[in-house]
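What the coordinates show
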Amino acid sequence: MTVTETELAGHFEATVARGDRVEPRDWMPEAYRKTLIRQIAQHAHSEIIGMQPEGDWISRAPSLRRKAILLAKVQDEAGHGLYLYSACETLGTSRRELTEKLLSGKQKYSSIFNYPTPSYADVGTIGWLVDGAAICNQVPLCRTSFGPYGRAMIRICKEESFHQRQGYELLMTMMRGTDEQRAMVQESVDRFWWPALMMFGPPDDASPNTEQSMAWGIKRNTNDELRQKFVDMTVPQARALGVTLPDPELRWNSERQAHDFGEPDWHEFWAVVKGNGPCNAERLDRRRSAHEDGAWVRDAAVAFAEEGAR
Amino acid sequence: MISDDLLGNDAHWAFGTDFEDPLAGVDTTVPDGVDPAALARYCLMLGDDALVLSQRLSEWCSRAPDLEEDIALANVALDLLGQARLLLARAAAADPSVVPALPDDSPVPAEDALAFFRSPAEFRNVTMAELPNGDFAETITRLLLLSICRLAEFESMVAHPDAVLAAVAAKGRKELAYHRDFAARWFVTLARGTAESRRRVLGALDGLWAFWPELDAPADVEVVLDQVFAAADVSRPEVTPARGLGRECVHTEALTDLLAEMQSVARAHPKGLW
Amino acid sequence: MSEWPLYEVFLRSKRGLNHVHVGSLHAPDDRFALMHARDVYTRRNEGVSIWVVRACEITASSPDEKDPMFAPSGDKVYRHPTFYDIPEHVPHM
Ligand SMILES: [Fe+2]
Ligand SMILES: [Fe+2]
């Protein structure tokens, strides 16, 4: 008895339709596997590159408590990358291959990390807005159709909520401080608001892969749905914080029971995606030198393990 | 923000560091027979070693040879930072005169006043902690030498008459035992890995060895170190000792640079609330 | 350049519970795998019991193996995606 490709595909589709998880050893369509690898890898790369903009402030954190919180947070991001690379490896690729694809520009990471962090307030803003947007994106992914990805997301989401809270708490504390500190917070929010909105990806009509990804249960909501949710969630938080969001079109629409808001600058979005953001080169350079400078260490450990095995 | 049902029961996730307060229920009065000024000086020595080494280790964040090592080095840095905070706070409580004067309405807590508002000439860390980072072999070798001595110090400090110091030691010795094991494991691995890793680790040891006498290791520490060296097939370098006077607040340029960076934001906002 | 092998990590967070699979990591050997597991998956919680095992040492059934439809296909290489080598020229990988 042989099983035809059609039967396998039928079984796969039934699994996804039931809302069941697809596991690594199941048969899956090649396009599903490729889409997953692309999405999980991009996500993993974002966690790892995302260590840099905030990590640059660890050495200068203005209190020992903040230094500990920030170091623990950036360390968590390394863990997130590690969990996601592992999930991706169950699809038949390796961390080294993925790292090489990141470094050669074949795979992307979230554009938000190509923006600079010139102010300590950016640590708070990133926690609040960037980790906040990441949570909006990621919570639905805990139910994504591919088992290892969903399980990695559950673990990650637990830690992200701590990240968002510490960021918001830092900004709240700074708002209770000096006038200078309040100005730092507002200036930072002004810089990060639009890039944070762009984190949800291009508008639905310019996002050709969304439909297939939703049919496969890889994605659970459209970009615009998630962006709306984020805005609705963030506006009251901004009010409580005492900052303004830099969008003159932002207002409550009682008919829709949601906020209307302006259009992000999609030209800027595509320019940064294509590698022309303020920090693209710098981020990849750092990652490349860490990877290359570490090669002799990884090789030494393998050589020593082989010696022990003999 | 995230609903619990979505995340499910997380009893089987082992998140979390040790969140218990190591000083809970500990008597914080300086006991009779302990000189508060001497106690504060001792706390500053050990606190500054931890703070400065933690700062150096955290420079590896996002630059380590692999993600696993990035996470491991951050854990060590976090442990040391935790020790530094407890020790600086104890120094300030034992002898408030060690804390730099700040404007009356400054909200800066004592541990931060000590970390961010002292000049290099007021730091008591050993020289080895402050040297600029080299490669991974240098970091591992430095961590081995420093943690092996610090562990011995903490093991005797468990019986310190000051209950706070004893509690800090009880918590810290477990952390330090792990730091030593981590460093020793890597030291042996690098020494016996490849020709390149061996060359690098021997070079690192040669460079650091001049500062070993400053650590003033007791005899039993020398024995443990020799065991690690034997496992690594490494002998003690023959290097002229440097004049390390960190305990007397004499430091290299490297500490000046480290502190200038570390203190920059705090000093720009002396009345800042963080 | 060599890549460290993949390990699977199992934790018992409390006495009386089973070890549960929590994730994976890379390590050059078993001893480093245990240290890494402690650093990555427990943030060094004392008293946690950790098992690590090389992923390639695990013998696994397919989740669907009991399903008669798939019983005869166990030897089909495409059912074992973990062992796929994806060539360099495939786009978007
Ligand atoms: Fe993350
Ligand atoms: Fe995060």
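Now for a quick tour of the structure. In this text the structure is predicted, and so the values were computed from the model without any measurement.

Parameters and conventions
- Residues numbered from 1 in each chain as written.
- Chains lettered and ligands numbered in written order.
- Predicted model: local features only at pLDDT ≥ 70, side-chain atom pairs only at ≥ 80, totals over all residues.
- Heavy atoms only, no water.
- Phe/Tyr/Trp six-rings, centres within 6.5 Å; stacked < 30°, edge-to-face > 60°.
- Helix = DSSP H or I, 4+ residues; strand = E, 2+ residues; numbered from the N terminus.
- Buried < 20%, exposed > 50% of the residue type's maximum accessible area, 1.4 Å probe, protein only.
- Disulfide = S-S within 2.5 Å.
- Donors = N, O, S within 2.8 Å, 3.2 Å for Na, K, Ca; no water.
- Tetrahedral: all angles 85-135°; square planar, octahedral: opposite > 155°, others 65-115°.
- Pairing = 2+ DSSP bridges.
- 1 Å grid on protein atoms, 1.4 Å probe; cavity = no way out; pocket = protein on both sides within 12 Å on 5 of 7 lines; lining within 4 Å.
- Points joined across faces, edges and corners; volume = space filled by probe spheres on them.
- Nonpolar A, V, L, I, M, F, W, Y, C, P; charged D, E, K, R; others polar.
- Axes fitted to C-alpha atoms, helices over the stretch in contact; angles between N-to-C directions.

1. What to know about the packing of aromatic side chains
In total, this model carries 18 aromatic pairs over all chains according to the counting rule given. Ring geometry for W193 of chain A against F230 of chain A: centres 6.0 Å apart, planes inclined by 20°, an arrangement best described as stacked. Here the residue W193 of chain A occupies a position in helix 8 (residues 179-198), and F230 of chain A occupies one in helix 10 (residues 223-241), the gap between them amounting to 37 residues. By relative accessible area, which is 0% here, W193 of chain A ends up buried. Taking the relative accessible area as the measure of exposure, F230 of chain A reaches 1% and is therefore buried. A ring pair is formed by W60 of chain B and F136 of chain B, whose centres lie 6.0 Å apart and whose planes are at 90°; its orientation type is edge-to-face. Pair noted here: W60 of chain B is in the loop between helix 2 (36-58) and helix 3 (67-94) and F136 of chain B is in helix 6 (residues 136-157), with a separation of 76 residues, a long-range link. Taking relative accessible area as the criterion, W60 of chain B reaches 11% and is therefore assigned buried.

2. Considering the state of the cysteines
What the rule picks out here adds up to 0 disulfides over all chains. Here C88 of chain A stays free of any disulfide, with the sulfur of C142 of chain A as its closest cysteine sulfur at 17 Å. Exposure remark for C88 of chain A: the relative accessible area of 0% places this residue in the buried category. The thiol of C279 of chain A is unpaired, and the distance to the nearest cysteine sulfur, on C61 of chain B, comes to 17 Å.

3. Concerning the coordination of the iron ion (ligand 1)
Residue and element names in this part refer to chain A. The iron ion (ligand 1) binds to the protein through E47 (OE), E77 (OE), H80 (ND1) and E160 (OE); the donor distances cover 2.0 to 2.2 Å. Geometry at the iron ion (ligand 1) is irregular, judged from its 4 donor atoms and the angles of 82 to 150° they form at the metal. Site description for the iron ion (ligand 1): donor spacing in sequence, E-x29-E-x2-H-x79-E. Here the iron ion (ligand 1) and the iron ion (ligand 2) are spaced 3.3 Å apart, linked through E77, which binds each one. With a gap of 3 residues between them, E77 and H80 both fall in helix 4 (residues 64-89), about one helical turn apart. What makes H80 buried here is its relative accessible area of 0%.

4. Notes on the pairing of strand 1 (residues 6-12) of chain C
All names here are of chain C. As paired strands, strand 1 and strand 2 (residues 20-26) are joined by 6 bridges and run antiparallel to one another. By the bridge assignment for strand 2, L6 is matched with H26. Bridge count for strand 1 against strand 3 (residues 49-54) is 6 bridges, and the pairing is antiparallel. Across the sheet, L11 pairs through a bridge with I50, a residue of strand 3.

5. Topic: empty space enclosed by the protein
Applying the stated criterion across every chain, the model contains 4 cavities of 30 Å³ or more. Lining the largest cavity are 22 residues, and of these R95, R287 and H291 of chain A together with P65 and D66 of chain B lie nearest its centre. Secondary structure elements with two or more residues in the lining of the largest cavity: helix 3 (51-55), helix 5 (95-103) and helix 12 (280-293) of chain A together with helix 3 of chain B. Within the lining of the largest cavity, the residues separate by chemical class into 8 nonpolar, 6 polar and 8 charged.

6. Side note on the sheet that holds strand 2 of chain C
Residue and element names in this part refer to chain C. Spatial ordering of the open sheet is given by 2-1-3, a layout of 3 strands whose pairing is antiparallel. At either margin of the open sheet sits one strand with a lone partner, and together these are strand 2 and strand 3. When strand polarity is set aside, the average angle formed by the axes of neighbouring strands in this sheet is 30°.

7. Overview of the coordination of the iron ion (ligand 2)
Residue and element names in this part refer to chain A. At 1.9 to 2.3 Å from the iron ion (ligand 2) lie its protein donor atoms, namely E77 (OE), D131 (OD), E160 (OE) and H163 (ND1). Considering all 4 donor atoms around the iron ion (ligand 2), angles at the metal cover 79 to 165° and the coordination shape is irregular. Mapped onto the sequence, the donors of the iron ion (ligand 2) take the spacing E-x53-D-x28-E-x2-H. Here D131 falls in the buried class, since its relative accessible area comes to 5%. Residue E160 is classed as buried on the basis of its relative accessible area of 1%.

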